[in-house]
Amino acid sequence: MTHKMIEAFRAAIVHGGISAGADALGISQPSMSRLMADLQKAVGFPLFVKQGRSVKPTSEALALMTKVQQSFLGLEEITRFSDQLRKQKLGRLAICTIPSVGHSIMPQIVEGLRRRHPDVMLSLTVASYIEVARSVRTRQADIGLTADTLSIGGLETIAEFSSDCVCIGTSRWLPGSASAMTMQDLAGKPFVGFTGTFQKRLEAWLSMTGQQLDVMVEASLFHSVSDLVLQGMGISIVDPLTGELHRQRGGITLPLRPSLRYTVYATALSDTRLSPPARDLLQQLGAAFRKADTHSMDE
């Protein structure tokens, strides 16, 4: 029994006859009939019987076809897997990032990477700080992006990007003529807060003047906070990338005085060799943070 026999047999079943199967394979009918005769001899039972002018598969042939189909499905899986290996050989870049970066600038950056590196397989995962660390440490991600340094378990910071946080709102709560927001300007306005550690940073920042935030609603993600602010539920303070996206979505974004810095750290395993797409990614992140930086840091 040969693969050529099995291929011919499958074609005859799928296309409804020996002649149609021969046409599908691009071989002559005598060659097809010879392959069927050889296969029938190999298996030891009839595969086709004549019914009038047509030839029909036997019940044994139909039973055999179920196993043949499984074999061909296996070949298709091998083909798909080989294609994945080929793409990985050409290049692969897996990125795992916290939501503030993943939901703001990463779609645009990934689209640019895809255009400039068409043979590279790109993977983007948005996850929590803990999941980013785990993904990089287990080599599921080549580069991790977090708002905290990850110098554990062989991880090291390969780049960092900083810009100033901004105040976001709508015309209902922020004057369009304002050039910046001070701590005092936040007083008396409903504030959309955070459920995570960023809220503690805000409270520590405000404690310099004894101001307090009027938090009436809170969310866990910067993007969700922006959504709530756009619904007119108050103002908030977010990272610069979310602030830029908020402005593009029709909201108002103003710098803060004094400034509150937001830093994103790019992390990889210490033995990682950065590929051209990975270096391109870091360059694009740097450009995005520079663009989002709406004002200079206070002296």
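### Here's the deal with the overall build of the protein chain
Scanning the protein chain for helices and strands turns up twelve helices and 13 strands. Here the protein chain has a C-alpha radius of gyration of 31 Å; the compact-globule value for 299 residues is 19 Å, and the former is much larger. Each principal axis of the C-alpha distribution contributes one length, and for the protein chain these read about 95 × 45 × 30 Å. Taking all 299 residues of the protein chain together, the buried fraction comes to 42%. When the accessible surface of the protein chain is summed, it comes to about 16000 Å², and 51% of that surface belongs to carbon and sulfur atoms. In the protein chain, which carries 31 positive and 27 negative side-chain charges, the distance between the mean positions of the two groups comes to 10 Å.

### Re the pattern of salt bridges
Tallied over the entire structure, the rule returns eight salt bridges. One salt bridge in this structure joins Arg247 and Glu244, with 2.6 Å as the shortest N-O distance. One end of the pair is Arg247 and the other is Glu244, both in helix 11 (residues 240-248) and three residues apart, which spans about a single turn. The buried category is assigned to Glu244, whose relative accessible area is 14%.

### Some words on the sheet that holds strand 3 (residues 92-97)
If you trace the five strands from one edge of the open sheet to the other, you get 4-3-5-13-6, paired in mixed fashion. On the outer flanks of this sheet lie strand 4 (121-126) and strand 6 (155-164), each paired with one strand and no other. Across this sheet, the average inter-strand angle for adjacent strands is 20 degrees, counted without regard to direction. Where strand 3 lies against strand 4, six bridges are found, and the strand directions are parallel. Note that in strand 4 the partner of Ala94 across the bridge is Ser123. Contacting strand 3, strand 5 (143-146), strand 6 and strand 13 (261-269), helix 7 (residues 129-137) crosses the sheet at an angle of about 160 degrees to strand 5. Relative to strand 6, helix 12 (residues 276-292) is tilted by about 25 degrees, and along the sheet it contacts strand 3, strand 5, strand 6 and strand 13.

### Considering empty space enclosed by the protein
Considering all chains together, one arrives at one cavity of 30 Å³ or more under this definition. In this model, the largest cavity occupies a volume close to 40 Å³. If you trace the largest cavity, you find it lined by Pro99, Ser100, His103, Ser104, Phe222, His223, Thr242 and Leu245. Its residues assigned to classes, the lining of the largest cavity shows three nonpolar, five polar and no charged.

### Focus on the sheet that holds strand 11 (residues 236-238)
Overall, mixed pairing links the four strands, which are arranged 8-12-7-11 in an open sheet. Strands with a single pairing partner mark the edges of an open sheet, and in this sheet they are strand 8 (181-182) and strand 11. Where strand 7 (residues 166-169) meets strand 11, three bridges bridge the pair, whose relative direction is antiparallel. Residue Ile168 lies in a different strand from strand 11, and its bridge partner there is Ser236.

### Here's the deal with the side chain of Asp239
Structurally, Asp239 can be placed in the loop between strand 11 and helix 11. Here Asp239 occupies a buried position and makes no salt bridge, while the nearest side chain of opposite charge, Arg201, is found at 9.9 Å. A distance of 2.5 Å separates a polar atom in the side chain of Asp239 from a polar atom in the side chain of Thr242. In this view, Asp239 contacts Ser100, Cys165, Val166, Phe222 and Tyr262; residues no more than four positions away in its chain are not counted.

### A closer look at helix 2 (residues 18-25)
Burial in helix 2 covers these residues: Ile18, Gly21 and Ala22. Burial along helix 2 is one-sided: seen end-on, the buried residues are contained in an arc of 100 degrees. Where helix 2 is buried, its residues contact helix 1 (3-14) and helix 3 (29-43). Looking at the residues trailing helix 2, positive phi occurs at Gly26, about 75 degrees.

### Section: the confidence of the model for the protein chain
Mean pLDDT over the protein chain works out to 86, with 91% of the residues at or above the 70 mark. A low-confidence stretch, residues 295-299 (pLDDT under 50), is modelled with 14 contacts involving residues beyond four sequence positions or located in other chains.

### Points about the environment of Ala187
Take Ala187: it is sitting in the loop between helix 8 (183-186) and strand 9 (190-194). On the basis of relative accessible area, Ala187 is assigned to the partly exposed category, the value being 38%. Along the backbone, Ala187 and Arg290 are 103 residues apart, and their C-alpha atoms lie at a distance of 29 Å.

Basis of the calculations
Residues numbered from 1 in each chain as written. Predicted model: local features only at pLDDT ≥ 70, side-chain atom pairs only at ≥ 80, totals over all residues. Heavy atoms only, no water. Helix = DSSP H or I, 4+ residues; strand = E, 2+ residues; numbered from the N terminus. Rg over C-alpha atoms; globule rule 2.2 N^0.38 Å. Buried < 20%, exposed > 50% of the residue type's maximum accessible area, 1.4 Å probe, protein only. Areas by Shrake-Rupley, 256 points an atom, 1.4 Å probe, with all protein chains shown as cover. Lys, Arg positive; Asp, Glu negative; His and termini not counted. Charge placed at Lys NZ, Arg CZ, Asp CG, Glu CD. Salt bridge = Lys/Arg side-chain N within 4 Å of Asp/Glu carboxyl O. Pairing = 2+ DSSP bridges. Axes fitted to C-alpha atoms, helices over the stretch in contact; angles between N-to-C directions. Contact = heavy atoms within 4.5 Å. 1 Å grid on protein atoms, 1.4 Å probe; cavity = no way out; pocket = protein on both sides within 12 Å on 5 of 7 lines; lining within 4 Å. Points joined across faces, edges and corners; volume = space filled by probe spheres on them. Nonpolar A, V, L, I, M, F, W, Y, C, P; charged D, E, K, R; others polar. Polar contact = N/O pair within 3.5 Å; in protein donor to acceptor, adjacent residues only side chain to side chain. Arc of directions from axis to C-beta. pLDDT = per-residue confidence, 0-100.

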